[in-house]
Amino acid sequence: MSPSVVYLVTVTAILILSGKVCGQTFTVNEGQRQRTFVGSVAQSKELQDSIKRLNLDSSLLSYTIFIKGNPHAGNFTIEESTGHLYTKDALDREILCSREENPCSLQLDISAHNAEGFLQILNVQVIVNDMNDNRPIFPVSPVQLQIPESEPLNSTFPFRGALDKDSIGPNSEISYEMISPGSPFDMRIITLPDRTQDVGLVVAGKLDREKVSSYQIQILARDQGVPPRTGTVFVEVTITDVNDNYPEFTEEVYTVTIREDLPVETPVLQVLARDLDAGDNGNVTYRFSTPTQAFAIDVKTGRVSVGESVDFEQQQVYRLMIEASDGGTVPKTKRTLLIVNVSDVNDNAPEMSFNFLPGGDQAVISEHSNLSTFVAYLSVTDKDKGRNAEVQCNIEGDRYSLETQKPNEYIIKLRTVLDRELQNEDYVGVICVDSGNPVMTSSSGFKLIVQDINDHNPVLPQTEYAVTIEEGTEIGTVLLNVSATDKDEGENGRIGYHLEGENAGMFAVSDIGEITVNLKPDRELQDTAVVTLVAKDHGNPPNSATSVITVTITDINDEKPRFNRTEYMFNISENLVDDTVVGQVTAIDSDLGMGGEVQYHLSSNYDSQFFSVSKDSGIITAVQPLDRESRSIHELVVIAEDKGTPTQSSLVSLFVKVLDVNDNTPHITFPAYDNYSVSIPSTLDVNSEILTITAEDKDDGDNANLSYAILEQERTPEYISINRTSGRITVTKKFTSGVSLTFKLSLAVRDHGSPQRETWRNFSIFVSVVNDTAVLSESKSGQYNLVIVISVVAMTAVLSAVILATICIIRRRDNKQVEGDNVRPDLYDKPANKRHDNKNANVGEIVRGEKILESPYSGQNNYSRSKYDDAPLQSSSPKHMPPYNVQQTNDDQALEQQHLQYIRDFFPNDSGLDKSVSSFTDSNRNNTTNWQSHPKLASSMKQPKQSADSPRRSSQRQGNSSKRQSRPNRVQWALSPDRHSSAWAADCPDFHNQDMSEAGMFGRKSDDSTSDLSGDTGTSDSGRGGSDDDVHRGYCLQIDHEGVHGHYV
């Protein structure tokens, strides 16, 4: 076991046996890092006994180190909840205790207490173990000695040894070693009465100043700690001549006792030393080996006096080394010990230290605390000893009590209930008296702060407030200022404000009670807002007060009228009468009064001319019938505005969809009015397409859904059929080879509307016995495209004759189209300014006005070109005929005169014209029921069908003209039921019932007076009543509401 451990155990045992250890004792090594664990106060046996005896909950205890009267309290900290004691910083035993104090014991007073009033003072001692943290230090370095050369062997020259600040024990026990190889000196250690040591330099050899005048010797000092620490000093020796006698003190140890109350400079004693030498060598002077402030010594006389006030309570014993030196060249010195004992006198009054929970410097107690509540802990000390230190204490007044815990330890408790609002602080005074003579008395006390508890509610000036603001008030506008009061102080009296209720978000309140607008109020959403203002203090628990604030929001015209839809869509049928209601728009304005009254009008645009809106009701009406085909959707903008100030308005889009009614008749676009025949070869196969009818209807939906049919046909079903949906006409039966056929069709196109509408057109199909394909005339561009397909079958004369016969047949059939079955004269309204010469027409063409129509089969065969192929195309009218507008009238004669006057103006030099026209119109004036002049009229009168034979063959079978003229004549002057069109033919009364070549031609040459009409063809160059030069030299005219149209025949 190490010496330090043995020493510590021994000291601890001594303390225990002497009764100086009470309560708990902990040990800790000096120099440990901060917050080194010292021990647990909670494990105190005294405390554990109290816990068991009082049945306390140890987890609810709190621990506090008392500061007052505990000078070492600042070196430690304690965990309040656990009682664990820690060092606050590294401890230094040499600072905390003197070298002689062993062990170094630090006393602490620690309270253990709980909220129910339990309190126990625990006396804790902490022993700070010395660690070898200091090395030996020589007080003078270097040491300078003068040794005469005559000094005999074994002469000793002492100097102060090293000092170690560690406590008495191995850490401060020093051993020495001299390092001086070859020097004439040895070393001897001298222990002094004060337990310090001198180092003596011993002469071990003869000195000869003349050989060596000086030496430098190193002395090593080493303590006994673990590990050991060392210090060194150099001794500088100078060899001189001899002073051979030392001063000698009369006493080896001087002892004296003095009172602690001696004044400064009071003599204590006088030391005396004699030197047998003479002169300066015998002259002795005195000094303290270690300087001290407590005492002073006279250098010449050796008288010791009080240097400053001594205090028994500070130090009871002083050990002073005094040196006496002679005046020789090499002084000789002797030392002695002076022990000064200080005796106690009753010069100290009791000292009081107050400690408060939870360890602060100020006493604080909550108002309304229970009686016997702990207020303070009082510890009393008296620096005097014995009876001088026996103390009795009493408390002033009757509001508090003083209970003795141990000698000189008291607890101050509360005896009355405190009210901070009546008295927020108090003074607690204590008087203590010792038992000395004379009696010393002290009076002390402390200020007790009465801590506030939250025992008062905030108070608002009013319980209800009523405020009026306008809607739209800006955010941040101050609504109200409210200030609450609270008698409590601190956090208990600091009041905060907040708003509650479903309308709380509309407003804000500041910390000082200023209520402002947080959301712009909108009367249309809410005209009254009720919020609750809560004033709450910051106590624990908090107290509060409330006030109801009713905010009335007044109206301004800030709302625009709002339509009940984002846009409107109404439907209305076309062609309805004026002022038909289309629908109604509705806008609502949430404002009050004039600001909430709404009126309507339409924004001006193109569609607004067709509609109007009721200013008050918003009813939309159509001011005129609507035509879907002209405009199917009308877009309007309706403006709704209120009557407030300023006026607010809003817009909405309104769409009116015009629903279709079946008010349009289908229109056949192909074949056109001037394209009413086609020639096809007899060699076509079954299912071959002849042509496809196309039509259009301006209506919509089923009203524009078309179907196709053949109404009238002669021998058609056997060979030809039409697709009802597509209008495609195809061959259904193979044609007989070598047989020429003619099919006259009435083509009908119907829509699916209700009522159903239809249109029809006459159309002829010629089947040629040759392999050539006729030309289907189709024109939509207003120009005639001449395509001549002539097939040369053979080079012989027989084949030539066949070709000529074919040409005659085609031309005869072309001329039949003058019958004008459902022909629209308006397609002939672009006559050229040159007369048309028939010889310019190509074989296979049907010449009508300006247009040359082609068969869909043109180009399929190689036709032989006629001799007219290279002739330039001439116009079909004598000259350009300007548009002719018929003046509306119910007078048939007046209408007739308009037509006749137009013809006379057009042919001013033709005298025969007027006569022919007049006689023709006179004979037909009353013929106003010619049903074939109008397709629908003809259909409604259900006239007998004509034979499929050509008009010429029909006239031959009848044998006379009277029978011919008994059939309806569509080119005679006739007034149609709608009084807008009429037809007329000059000098060809039977024009539409004969071949073109057989009709009487107005303007025919005089040398060709005999025609096929009389059956005389002998004079004709061709055998047909005329030569190629004069055939088709006449022309026929047609007059309708669009003008006069002519063509060559």
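Remember, it's a predicted structure, so these values are computed and weren't measured experimentally.

## A look at the overall build of the chain
Then, number 1: Within the chain one finds ten helices and 62 strands.
Then, number 2: Relative to its full complement of 1049 residues, the chain shows a buried share of 48%.
Then, number 3: Of the roughly 51800 Å² of accessible surface on the chain, a fraction of 48% belongs to carbon and sulfur atoms.

## Some remarks on unusual backbone geometry
Note: most residues except glycine have negative phi, and most peptide bonds are trans.
Then, number 1: Here the amide bond leading from N437 into P438 is cis, since omega sits at 0°, within 30 degrees of zero.
Then, number 2: In this fold, P438 is placed in the loop between β30 (425–434) and β31 (441–451).
Then, number 3: Note the cis peptide between T645 and P646, where omega equals -5°.
Then, number 4: Mapped onto the elements of the fold, P646 is located in the loop between β46 (633–642) and β47 (649–659).
Then, number 5: A positive phi is found at H368, a non-glycine position, where the angle reads about 65°.
Then, number 6: In this fold, H368 is placed in the loop between β25 (363–366) and β26 (374–381).
Then, number 7: Judged by relative accessible area, H368 falls into the partly exposed class, the value being 37%.
Then, number 8: At N408, a position not held by glycine, the phi torsion is positive, near 65°.
Then, number 9: Residue position: N408 is located in the loop between β28 (400–406) and β29 (409–414).
Then, number 10: Assessed through its relative accessible area of 21%, N408 is described here as partly exposed.

## Examining the sheet that holds β29
Sheet strands pair by backbone hydrogen bonding; their relative direction is either parallel or antiparallel.
Then, number 1: With antiparallel pairing, the four strands of this open sheet are ordered in space as β24-β26-β29-β28. Each edge of the open sheet is held by one strand with a lone partner, namely β24 (351–355) and β28. The mean inter-strand angle of the sheet, taken between neighbouring strand axes irrespective of direction, is 25°.
Then, number 2: With six bridges joining them, β28 and β29 adopt antiparallel strand pairing. Counted as the bridge partner of E403 is I411 from β29.

## A closer look at the packing of aromatic side chains
Then, number 1: Under the criterion given, the structure shown has 15 aromatic pairs.
Then, number 2: Seen in terms of ring centroids, F185 and Y215 are 5.5 Å apart; in terms of plane orientation they differ by 80°. Their pairing is edge-to-face. Of this pair, F185 sits in strand β11 (residues 185–191) while Y215 sits in strand β13 (residues 214–223); the two residues are 30 residues apart in sequence, bridging distant segments of the chain.
Then, number 3: Given a relative accessible area of 2%, F185 falls into the buried group.

## Let's talk about the state of the cysteines
Then, number 1: One pass over the structure, following the stated rule, counts two disulfides.
Then, number 2: The disulfide partner of C97 is C104, and the gap between their sulfur atoms is 1.9 Å. Because the torsion about its S-S bond is 75°, the bridge between C97 and C104 counts as right-handed. Both residues of the pair, C97 and C104, count as buried.
Then, number 3: Two residues, C393 and C432, share a disulfide whose sulfurs are 2.0 Å apart. In this structure the cystine formed by C393 and C432 twists about its S-S bond by roughly 110°; its chirality is therefore right-handed. One end of the pair, C393, is in strand β27 (residues 391–395); the other, C432, is in strand β30, with 39 residues separating them in the sequence.

## Quick word on the sheet that holds strand β50 (residues 689–692)
Then, number 1: Here three strands make up an open sheet; going across it, the order is β50-β54-β53 and the pairing antiparallel. Where the open sheet ends on each side, the last strands, each with one partner, are β50 and β53 (720–722). Neighbour to neighbour, the strand axes of the sheet diverge by 20° on average, direction disregarded.
Then, number 2: Relative to strand β54 (residues 728–731), β53 runs antiparallel, the two sharing three bridges. What sits directly across from I722, in β54, is I729.

## Details of the confidence of the model for the chain
Then, number 1: For the chain, mean pLDDT is 76; residues scoring 70 or higher make up 72% of the total.
Then, number 2: Confidence over residues 910–1036 falls short of pLDDT 50; this stretch has 223 contacts with residues more than four positions distant or in other chains.
Then, number 3: A low-confidence stretch, residues 1040–1049 (pLDDT under 50), is modelled with 61 contacts involving residues beyond four sequence positions or located in other chains.

## Let's talk about the pattern of salt bridges
Then, number 1: Summed over the entire model, instances satisfying the criterion amount to 29 salt bridges.
Then, number 2: Here R420 makes a salt bridge to E489, at a shortest N to O gap of 3.4 Å. Within this pair, whereas R420 is found in the loop between β29 and β30, its partner E489 is found in the loop between β33 (478–481) and β34 (495–500), the two being separated by 69 residues in sequence.
Then, number 3: Note on R420: relative accessible area 8%, which makes it buried.
Then, number 4: For E489, a relative accessible area of 36% corresponds to the partly exposed category.
Then, number 5: Across the pair R523 and E524 runs a salt bridge, and its minimum N-O distance is 3.3 Å. We note that R523, like E524, is buried.

## Here we look at the environment of I189
Then, number 1: Examined against the element boundaries, I189 turns out to sit in strand β11.
Then, number 2: Overall, the relative accessible area of 34% leaves I189 in the partly exposed class.
Then, number 3: Each C-alpha atom of the pair I189 and V199 lies 4.8 Å from the other, and the pair is ten residues apart in sequence.
Then, number 4: The contacts of I189, once residues within four sequence positions are left out, are Y176, Q197, D198 and V199.

Definitions and cut-offs
- Residues numbered from 1 in each chain as written.
- Predicted model: local features only at pLDDT ≥ 70, side-chain atom pairs only at ≥ 80, totals over all residues.
- Heavy atoms only, no water.
- Helix = DSSP H or I, 4+ residues; strand = E, 2+ residues; numbered from the N terminus.
- Buried < 20%, exposed > 50% of the residue type's maximum accessible area, 1.4 Å probe, protein only.
- Areas by Shrake-Rupley, 256 points an atom, 1.4 Å probe, with all protein chains shown as cover.
- Pairing = 2+ DSSP bridges.
- Axes fitted to C-alpha atoms, helices over the stretch in contact; angles between N-to-C directions.
- Phe/Tyr/Trp six-rings, centres within 6.5 Å; stacked < 30°, edge-to-face > 60°.
- Disulfide = S-S within 2.5 Å.
- pLDDT = per-residue confidence, 0-100.
- Contact = heavy atoms within 4.5 Å.
- Salt bridge = Lys/Arg side-chain N within 4 Å of Asp/Glu carboxyl O.

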